[in-house]
Every structure is written in structure tokens, then in C-alpha cells.
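These are the residues of each chain, in order.
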Amino acid sequence: MCLGIPGRIVAITDASRKLATVDVAGVKREINVACIIGDRAVEDCVGDWVLVHVGFAMSLINEEQAIETLRILTELGEAQQEIAAMRASGRM
Amino acid sequence: MNKPEPGKLLRPQRKLRDGVHVAKVTLAHGGGGKAMRDLIDDVFVSAFDNPVLAPLEDQARISLADLALHGDRLAFTSDSFVVDPLEFPGGDIGKLAICGTVNDLAVGGAKPLYLSCSAIIEEGVEVDLLRKLARSMAEAAAAAGVAIVTGDTKVVGHGSCDKLFINTAGVGVIRAGIDLGAHRAEPGDAILVNGLLGDHGAAILAARGDLRLETRIESDCAPLNGLIDALLDACPEVKFIRDATRGGLATVLNEIAEASGVGVEIDENALPLRAEVAGFCEILGLDPLYLANEGKIVVVAPAAVAEKARAALTAHPLGRESAIIGLVTDGPAGRASMRTKFGGKRVVDMLVGEQLPRIC
Amino acid sequence: MKYVDEFRDPERAAVLIAAIGDLARSLDRARERPLHIMEVCGGHTHTIFRYGIANMLPAEIELVHGPGCPVCVLPMGRVDDCVAIAEAPGVIFATFGDAMRVPGSRKSLLQAKAEGADVRMVYSPLDALALAHENPQREVVFFGLGFETTMPSTAFTVLQAEAEGVRNFSLFCNHITIVPTMKAILDSPDLELDGFLGPGHVSMVTGTRPYEFIARDYYRPLVVAGFEPLDILHSLWLVLKQIVEGRCEIENQYGRVAPRDGNSAAQDAIGKVFELREFFEWRGLGSIDHSGVRMREAYAAYDAERKFAIPALHVADPKSCQCGEVLKGAIKPWQCKLFGAGCAPETPLGALMVSSEGACAAYYQYGDLEGLRAKRAANAA
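Along each chain, residues carry numbers from 1 onward, in the same order as the chain's sequence is written. Numbering of ligands from 1 and lettering of chains from A proceed in the order in which they are written. For a predicted model such as this one, the threshold for reporting local features is a pLDDT of at least 70, and the threshold for listing and counting side-chain atom pairs is 80 or more; totals across whole chains, interfaces and linings nevertheless cover every residue. Based on all heavy atoms of the structure, the side-chain values leave hydrogens and waters out of the count.

1. Things to note about the domain arrangement of chain B
All names here are of chain B. The test is simple: Residue ranges assigned to the domains are those given by an automatic or database domain assignment. Put simply, buried area is how much 1.4 Å-probe accessible surface two parts lose in total, over both of them, once they are put together. Any Lys or Arg side-chain nitrogen located within 4 Å of an Asp or Glu carboxyl oxygen qualifies as a salt bridge. N or O atoms closer than or at 3.5 Å make up a polar contact, with two conditions inside protein: a donor-capable atom paired with an acceptor-capable one, and, for residues adjacent in sequence, both atoms drawn from side chains. By definition, any uninterrupted DSSP run of H or I lasting at least four residues is a helix, any uninterrupted run of E lasting at least two residues is a strand, and each is numbered from the N terminus. Each residue gets one of three labels, nonpolar for Ala, Val, Leu, Ile, Met, Phe, Trp, Tyr, Cys and Pro, charged for Asp, Glu, Lys and Arg, and polar for the others, Gly among them.
Split by domain assignment, chain B resolves into domain 1 (27-174) and domain 2 (182-347). One C-alpha centre belongs to domain 1, the other to domain 2, and the line joining them spans 28 Å. Summed over both partners, the interface of domain 1 with domain 2 comes to about 1,600 Å²; 64% of that surface belongs to carbon and sulfur atoms. It is Pro89, Asn103 and Val107 in domain 1 that bury the most area against domain 2; as a group they hold 32% of the surface buried on that side. The tally of links between domain 1 and domain 2 comes to zero salt bridges. Linking domain 1 to domain 2 there are seven residue pairs in polar contact (both at pLDDT 80 or more). In terms of residue count, helix α3 (residues 93-106) provides more of the side of domain 1 that touches domain 2 than any other element does, eight residues in total. Considered class by class, the residues forming the side of domain 1 that touches domain 2 number 11 nonpolar, four polar and three charged.

2. Overview of the sheet that holds strand β5 (residues 147-156) of chain B
All names here are of chain B. The line we're drawing: Any two strands are treated as partners once DSSP identifies two or more bridges connecting them. The angle between two axes is taken between their N-to-C directions and runs from 0 to 180 degrees, where each axis is a line fitted to C-alpha atoms and a helix contributes only its stretch in contact. Contact definition: two residues touch when any of their heavy atoms are within 4.5 Å.
An order of β1-β6-β4-β5 is seen for the four strands of this open sheet, with the pairing classed as mixed. Looking along the sheet, the strands with just one partner apiece sit at the ends: β1 (73-81) and β5. In this sheet, neighbouring strand axes are inclined to one another by 15° on average, regardless of whether the strands run parallel or antiparallel. In this structure, strand β4 (residues 110-122) lies alongside strand β6 (residues 164-174), joined through nine bridges in antiparallel fashion. Note on β6: the bridge partner recorded for Ala119 is Ile166. Here helix α1 (residues 34-48) sits on the sheet and contacts β4 and β5; the angle it forms with β5, its principal contact strand, is near 150°.

3. Quick look at the interface of chain C and chain A
With 50 residues of chain C at the interface, the matching set in chain A holds 38 residues. Buried surface at the junction of chain C and chain A, summed over both partners, amounts to about 3,700 Å²; 67% is from carbon and sulfur atoms. Three residues stand out in chain C for area buried against chain A, namely Tyr3(C), Tyr123(C) and Arg256(C), and they jointly supply 17% of the buried area on that side. The interface formed by chain C and chain A contains four salt bridges. Between Lys2(C) and Glu63(A) there is a salt bridge, with the nearest N and O atoms lying 3.4 Å from each other. Counting across the interface, chain C meets chain A through 10 residue pairs in polar contact (both at pLDDT 80 or more). Those elements that place two or more of their residues in the side of chain C that touches chain A are α1 (10-25), α3 (42-50), α6 (125-134), α7 (151-163), α9 (200-206), α11 (229-245) and α12 (264-273) of chain C. Residue classes in the side of chain C that touches chain A are distributed as 28 nonpolar, 14 polar and eight charged.

If you want it as C-alpha cells, here you go:
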């Protein structure tokens, strides 16, 4: 359900109709940005990373949250290594 | 024995008629009269110009002695081309019609020599477009070192075909000592491809325009006989070659697994894939394993010569991104699978029908 | 690709697999029967099969593939309606690609196209509106389907058509909403689910509040999950952690895309154009109250259901089809009598064989078919 893919807005094509160009790994497509501009001018969303679904930018990707998720996973990896080391040394 | 000059046995060339003076093809151009001769001469004969074709008999006449110089078996194939759009980044239906048939001969270990060209034209098609496509065929034939020696032209009414269909048949000669077959794969053999996958399929889907995606992806459409020659020269031990056209890599892998009663396992990390094609697939929910190629071969080679085969492919301009992508396993028989980049393993089945964009 | 490749990292995956294994083995009840975790969304099912995730998990965990594939659950009667509209004179019927193969009682859209209907595959509802501009003498109908994720796109497109005064564009609305269906599954007496991976892209629109009743009233943990393979594993780990710690909460693993409150612009557009239907029929699950939306009276001019005479007939699912049981986690796809025996991707009978995101089709395409058949034979003996 609901295929979505991150892409970066690289240009505005029609400010009045809230249309912009998104770039996904070099493939470009015109998308509607009505859902992600909020109170900003349409032009201000150039450079935004957005989640694209059926020709609409549906969400502004929150970089801090992405980093946070990866940080949690890194920490989990470190914790797992410690557990493994403890098991190996017979302390568990 | 002296090598006979191709066409030496043939009569002198007929004088070409002076050409078509209307912009679009009409049913008259298929009527068998002067208009048809005008069209054939103007569009095809002038572009394909070669001594075997020149007499314009109902058949091309080819010296058997001539053929026998190249090997010990005749290879004969036929393919029809109905691509939409007729022109696309990286090629057109003309180039495709030559490369497709040249490649179908070459993957059998044959040296492609002579092709036919049958065109079915929808009335209303621009004559200039036909001239351009015929020139494109001629260029592709020259690049592949083959001659277009016979052909046919039909014109059909509106809606009876989609602008232009081309059928090309081809003959080539298989070099002695070479026996390539899908049934010959054995556990341990290596599987190779000669470069980036999925370019043609993605380029065509994008060029149709319905999905309104802009890309710089170009079709990989190319004649592969030179590459295959280089490979077989370096590695006559190669067991199987097939071009991964419709149905993509996944289909060829399944064909190998089925015909040889073996398993096939590829490694996603080893697959050569252009970032843009990967992105294109992500947007549409497509799997690049199933995208068509028109300049890519899958090769099965014994493990001992795998590296030599890769080096031979890589040394050729059409094989720069060649890679060993997997190996033949002892089973389960008939099953192709892939180690994913993520560390899992999944079955790579044949598609049921055409791959449709997955959106919701 | 940014925000994609990082979430496909095999090293982090190995860590998560180990951590999931540790948690699962610490649970006594996982020894009696595997924990059943449902991924609600078809996109998750796709990721799970695409990356071979099911085979990476410990035996204590079994994934149950949920109803969140709008193409799969589309009832035959609605497909028949699509075909009827597509075959009406002068119509261009625009649809997402994956809906074209869904069988109706007589034919699919793909077959209707073969017989001469003008069916066009588009990427976006906006492209259907563009077709209406480009073909002013034709009636362009867009086949709107999907959950809350897709509703805003069709709502905005209808609003755009109205603003531009386009008269030859309409929407055949088949949008559905996932929460009532999750509730219906939770209410079923043979329920055997221990937790849920929640739909990440629906949540991006609706926020995470609509699921709160699942923890509160049904005591099941739910983690809203992203669609990359690491997202799936991370979310599974979070669900297990809740189970091990005896918690039942709604957590959000997909914070980078799905904010807690969802997207207000998208919600406004949905509210403006659509209203809840009394009930909507789902293939395999039957009629479910308030599980679909229709267009409001104010947009009647853009409503294909009012603009065209459609048959709107109910077509029953095939009798021996067990999609409902599969969706509830009561049986596995291969345990259905029809699986691979009459029901196959070429000739789907049940909902879940229809799209590559359907559980049965995914098993068929990516699974170990011979192994599954042997298993079924052994079970039957």
C-alpha cells in the first residue's frame, strides 16, 4: 500500500498551482506541494526533502528524526556487542 | 580456395527510381505499382545499398562457399519489432530491429552475416521518418558488420498497425567447436553480465510519456557480436550466452535453472545498476531484475575461467561494467534466487505478465 | 539515495535480527506458539518479501500479512463498475498500473483495454486531470483508490479541477480507510495476533492517534513502521520489547516521515471533498461499516458514481476462498485449499492473490512453493 519515496525539490514550476519539480536519484517529476508548504511561500520549499506519493509531496522529511532512528540502532549494536563480549567471557 | 567477393555472382544493379515526392505514406505505396517501387527505392534500397540486395530479386542469393568460410553450422533467427515510441533516447525501432536480430544470432556463437527487413507501415506515416529509420538501420548494420539483403514492404490502413512494425530475420554461421546451450549449466559455474541492467526498459517507459517522468536514461541498444567474439576468443569454454531482453535478467536466470535442472543464485550487491534506473524503479515500484535490456548478455562460464571471461568482457567498450553476479548451485532445481543487499534471500521468479507500476 | 540506503544497511540488520532473537527467546509464550505480528500494510508485505526478511527472523516470530493492499481488497463488483465506466462511449479511464489486472466478474481493466476501451495508466491523479485538459471532447475518469495516504492526492486534484472549471473530469471514488477494518479483525473470535506494525504512510496523513484504541481497548502493541527493511526490523524489535516488558502502547518508529498529528493540509482536503460511507465492501472480508468514503454532494459534478450509470452490483467472493482467515492470521496462505490449486497470480480467485502486495501472491512469487505444498500435504495427512 502507499508507495512513497524520498526526493528533493529542485525547482518551482507553477507557484499558483503549487507545482514543483522533485528529483529522485536523477529522475525528475512535477509534483504538487500543497501538503508541505504550510505558511511558507511556495518558493521556499526548494531544497526540501519530501516523501513523494502519486505525484504529491506528502510529508517534509524530518532529518533530526532520521538521524535519531539511526543513532538508536547504532547504540543497540554497541549494546549487543557488549552482551556478546560478556557471554564470551562467561559473565552471563 | 579463394574467398568469393560477396555479390560477385550477381547481376548488375538496377537503376533506382527517382523517389517519393509526397510527405506521407498512403495505401498507394503498398499497391504493388510504381508508388510502391518509389517508396522501396527511396527509403530502403538507397539506405541499405549493397551488392546482394541491389538486383532486387524476390530472394537474396548467397554463396554457400562464402558462408562455409565462417564455420560449420548455419544459424537462422527471426524477430519482430513493435516498439512504441518509434524513436527513444539511445535508439529507434530501426537500430533495435538490427541489434535484436544480430544479438539473437551472436548469442548462439554465430557470426551474423545477412539480415532481411520487412516493414509493415500504417498509412499516414511521414516518409521522412521512414527515411531516417532506414538510415538508422543501415548505420546499425554497418556497425555490426552485416548486410540487409532482402526485404518486403506492406502498407496497411489506419489502425491496422501502430505506425510501423519491422520484422528482421537473420542468418549467421556458428564457428566450429562452439556449442552454447541453456542446458549446459552445472553447479559451480559462474554467471556474468556485461554491464548496467534495465536501461532499455526504463528508457522506453519514460519515453512513452504517460508517467511524465524526466530522465537521462538511454536505451542500451547495441550490436553485441563484437563483444561476444572477444569473449569466445578469450574463453571458448563459455557454456551459455543469452541476451536479457523482455523479462530482463530474472527471466534468463529462470531459463538457465529450468533447462539445466540446477539452482541459480545471484548477489544483489554485485548487480551493475545505474543510480537513475534504481531511482526510476523506486518511484514506480518496479523491480530492475525484470526490466528489458537490448545490449546486455547473461553468460554462464566454468568457475575456472570466470575471471578471464570477465576480463575479456570488460576490455570491450560494450562491457566496461561487466560483473560476475552469481553462480549455479545444485538446487533446488529450476529455482533462481537472490542474496539481497540487506542480507536476506529471496526467490526470483518469472513474471506472470507485464510488470506494471505499483503505486498504492 | 538519501533516506533510503541508510535504512537498508545489512550490518544494522544483523544487529536487529540478533536483538529480536534474544527478545523472542526470552518469552515463555513464544515457545508454545510463535508470536503472530501483523504488518497491516501491503507495502510492508512487499518489503518483507523483496528483502527476504521472513527467512531472517527467528522461528518464534511469524509475520501475518494484513489487509492493507487497496488493490487486493477491491471487490469484484467495483471492478465491474470500473469496466462499465471505461466502456462508456467517449471515456478515457485513467488508473494506477497495479489496478489494471484486478479481475472483475467478467473482466479486468486490462481485458477491457484489449477489447477497445481507452484505459490509460497514469502515475498521478494530476496526470488524469492533464488528460482532461488535453482531451476536451472526452470524459476523463480517474479511478481513485487507496487509503488515507492517497485520498489527499485525489481530493486536491478534484479541488484543482473545480478551481480551473474543468467539466470533463471526474473521480470514481473507491478510497477506503484502514482503522474500521483493523477493528473488525480485532473483533473476530479466532484472532491470534500479538501485535501490529502500523501503516507508516497512512499515519503520515492521519497521525498516530487513530490507533490508540488498539492499545487501550484491545491490549495489543502497535508500532507505526517505515517501509525500508531496517524500519521493519526496528519496528518488530519495538513490538517485541513491548510484549516482553508487558506494555501495550502506540509507538512511532517512522518519525522522520509520520508526525504524531499527521498532515493538516491533507486532512483538510480530505474533509472538504469526502465523507464516510455507511459501509463499504472488501474483497475477502465482506462489508465493513464506515470503512470507505464517497464524494460530498458539493462535488457531485466530479463524482463518477453520479455522472455515469454504473451497475453497482454485489458480486460474491468465490465460496471456498479463505482470504478472510488469512487476513486474520488464522491460517497461512499455503493452508488455503485454493492456493496454487485454481488460485494463482495468472488466475486469481481471492483478493490476496491479485496484487504483488497481496500475501498469497507474495508467497507465490517469492516463497518456496514446493516446500509449502509439501508442508500442506504433511499437515493434511
